[in-house]
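Residue-level listing of the chains:
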Amino acid sequence: MAVGAQDNLDKALVRKYQSLKVDNAIIQSSMVDPNKMLETMNDYANAHMEAFRIHQTLRDICTKAISMNIHYTKMKNVKTKKERMQEAARKIVAAQMAKKNALAQKLAKEPRPSIA
């Protein structure tokens, strides 16, 4: 990154004002003391840092309290998807077989009409 005049207009302004002397600005008595301003900024930053630390501590305490109240229960029999599908298919087949057997028993009890 270059420092200085970049184009003809900037160069002309530099040539025009390079001979002029500029006095340092006089600090007025009504301005805030720089040291006091820095102390105030430091106090403000310290207050925010302390608030952040309190927030972190409260978050950690709440997380611990919540995790202490969690009760984990272990599942007795964890089945894979394949096992669950096989069990569902067995139940469907068993239900169909039960219907078929009930219908067969009903037909066996009824007398058959004779062809005469």
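All values reported here derive from a predicted model rather than from experimental measurement.

Enquirer: Even after reading the chapter, I still don't get the overall build of the chain, so can you show me in this structure?
Expert: Check the secondary structure of the chain and you find 3 helices and 0 strands. Listing each helix as α and each strand as β along the chain from the N terminus yields α-α-α. A total of 116 residues make up the chain; the buried ones form 0% of that total. Here the chain has roughly 12,400 Å² of accessible surface; of this, 61% comes from carbon and sulfur atoms.

Enquirer: In this structure, what is going on with the pattern of salt bridges? I would like to understand it.
Expert: Charged atoms that come close allow side chains of opposite charge to pair. As enumerated under the stated definition, the model contains 2 salt bridges in all. In this structure, Arg53 engages Glu50 in a salt bridge whose closest nitrogen and oxygen atoms are separated by 3.2 Å. You can see Arg53 and its partner Glu50 sitting in helix H2 (residues 34-68), 3 residues apart, about one turn around the helix. Ionic pairing is found between Glu87 and Lys91, a salt bridge with its closest N-O pair at 3.7 Å. Placement of both Glu87 and Lys91 in helix H3 (residues 81-109) is noted, with a separation of 4 residues, approximately one turn of the helix.

Enquirer: How should H3 be read in this particular structure?
Expert: Residue pairs three or four apart in sequence face the same way in an α-helix, which turns once every 3.6 residues. Look at H3: 42 Å from first C-alpha to last across 29 residues, which is about the 42 Å you get at 1.5 Å a residue. By the criterion of burial, H3 is predominantly exposed, with just 0 of the 29 residues buried.

Enquirer: What's the story with the confidence of the model for the chain in this structure? I'm lost.
Expert: Parts of the model with low pLDDT should not have their predicted coordinates read in detail. On average, residues of the chain carry a pLDDT of 82, and 84% of them reach 70 or more. Ranking the elements of the chain by mean pLDDT puts helix H1 (residues 8-17) last, at 81, and H2 first, at 92.

Enquirer: So what exactly am I meant to see when it comes to a nonpolar patch on the surface here?
Expert: Among the surface-exposed residues, Leu9, Leu13, Tyr17 and Leu20 lie close enough to one another that they form a single nonpolar patch of about 420 Å² accessible area. Take Leu9: it is sitting in helix H1. Overall, Leu9 belongs to the exposed group, its relative accessible area being 59%.

What counts and what doesn't
- Residues numbered from 1 in each chain as written.
- Predicted model: local features only at pLDDT ≥ 70, side-chain atom pairs only at ≥ 80, totals over all residues.
- Heavy atoms only, no water.
- Helix = DSSP H or I, 4+ residues; strand = E, 2+ residues; numbered from the N terminus.
- Buried < 20%, exposed > 50% of the residue type's maximum accessible area, 1.4 Å probe, protein only.
- Areas by Shrake-Rupley, 256 points an atom, 1.4 Å probe, with all protein chains shown as cover.
- Salt bridge = Lys/Arg side-chain N within 4 Å of Asp/Glu carboxyl O.
- Expected span 1.5 Å × (residues − 1).
- pLDDT = per-residue confidence, 0-100.
- Patch = residues over 30% accessible without salt bridge, like charges linked within 9 Å, V, L, I, M, F, W, Y side chains within 5 Å.

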